[in-house]
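One-letter residues, chain by chain:
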Amino acid sequence: MKTWIEQEIAAAVAEAQAREGAITRWRAPLVAYASADDPLFPQLKQIVRATHLTPEELLPGARSVIAWFLPFERDVPRSNRPHRHASEPWAAAYVETNALVGVVSRRLADGLRARGFDAAVQPATANFDKEMLMSDWSHKHVAYIAGLGQFGLHQMLITAAGSAGRLGTLVTTAPLDATPRSAQPACLYTLDRSCTECVDNCPVAALTLEGSYDRHACYALCLENAAVHPQHDLAEVCGKCVSVVPCTYIDPVARKLARPAPRV
Ligand code: SF4
Ligand code: SF4
């Protein structure tokens, strides 16, 4: 079953970038799995918000959660590094990848149903409370539970393929073995305070070294960017905190710890 799931996601990515008019290119997708019974799911009602759903609340009889990460090609974050506003390729990648997350969700759900299982999907974005700027299904928290990555100082997930990309998740009644979560941090600030680039890069000081995140300041800049890129529908995005920083393309802690110690 996992082989089919991973092939289906890879095929959807390949088809999306072969489509006429497509702007964005993606690196190889990552996929991870959680048990619907993972005790962290009910804790999201305290960590995210009281109305955050459990897999069982989203889909009665849920057994598993599938999480995937679609990392952008390196040119996309490179283009987004300078200037206050999001670059054109970054805005396009955000909108196209959100659409691709929808395609992946539908393909997986259809395939699971054809195999006798049920599935529940959530959109990649635009499913949040516009006042609180919070969702009842946080893809990044769900993907963390599935072992897809670790949270960084920028409040985003750092996967083995970095942070520059988009996440999708799906709940299913199919039984799938859970991916183990790593106990090792993926953020250099968490490891040894050797990086603060995401905080330094934020144009509106929405991030702090204490780990706070001003989601309203962040969203205000995302709305500015949507106005800068009206040719893309709902390009409410910024991404300066994940553009050409140590965790843009990789897990920098895994790389640092794998490097041989210098001779003294
Ligand atoms: S830019 Fe540096 S401090 Fe920020 S999340 Fe990435 S590794 Fe951590
Ligand atoms: S997305 Fe932009 S505004 Fe929001 S925290 Fe990151 S750099 Fe700051």
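Here the structure is a predicted model, which is why all the values come from computation and not from measurement.

### A closer look at the overall build of the protein
Then comes step 1: Looking only at helices and strands, one finds ten helices and eight strands in the protein.
Then comes step 2: Over its C-alpha atoms the protein spans a radius of gyration of 18 Å, differing by no more than 12% from the 18 Å that the globule rule assigns to 264 residues.
Then comes step 3: With the principal axes as the frame, the protein shows a C-alpha extent of 50 × 50 × 35 Å.
Then comes step 4: Residues counted as buried form 49% of the 264 residues belonging to the protein.
Then comes step 5: Here the contacts in the protein between residues at least 6 apart in sequence split such that 77% fall between residues at least 24 apart.
Then comes step 6: Counting every atom, the protein has about 12,400 Å² of accessible surface; 55% of that belongs to carbon and sulfur.
Then comes step 7: The centroid of the 26 positive side-chain charges in the protein is displaced by 6 Å from the centroid of its 27 negative side-chain charges.

### Brief notes about the site of ligand 1
Then comes step 1: Residues in contact with ligand 1, as listed here, are Gly152, Leu153, His154, Ile158, Cys187, Leu188, Tyr189, Cys195, Cys198, Val245 and Cys247.
Then comes step 2: Its residues placed into classes, the shell around ligand 1 shows nine nonpolar, two polar and no charged.

### Notes on the side chain of His229
Then comes step 1: Note on placement: His229 falls in the loop between helix H9 (215–228) and helix H10 (252–258).
Then comes step 2: Aside from chain neighbours lying at most four places away, what touches His229 is Ala86, Ser87, Glu88, Ala91 and Ala235.

### Brief notes about the environment of His141
Then comes step 1: Within the secondary structure, His141 sits in helix H6 (residues 139–145).
Then comes step 2: Spatially, the C-alpha atom of His141 lies 8.9 Å from that of Phe41, the residues being 100 residues apart in sequence.
Then comes step 3: When neighbours within four sequence positions are excluded, His141 is seen to be in contact with Leu44, Ile47, Val48 and Phe151.

Parameters at a glance
Residues numbered from 1 in each chain as written. Chains lettered and ligands numbered in written order. Predicted model: local features only at pLDDT ≥ 70, side-chain atom pairs only at ≥ 80, totals over all residues. Heavy atoms only, no water. Helix = DSSP H or I, 4+ residues; strand = E, 2+ residues; numbered from the N terminus. Rg over C-alpha atoms; globule rule 2.2 N^0.38 Å. Buried < 20%, exposed > 50% of the residue type's maximum accessible area, 1.4 Å probe, protein only. Contact = heavy atoms within 4.5 Å. Areas by Shrake-Rupley, 256 points an atom, 1.4 Å probe, with all protein chains shown as cover. Lys, Arg positive; Asp, Glu negative; His and termini not counted. Charge placed at Lys NZ, Arg CZ, Asp CG, Glu CD. Near = heavy atom within 4 Å. Nonpolar A, V, L, I, M, F, W, Y, C, P; charged D, E, K, R; others polar.

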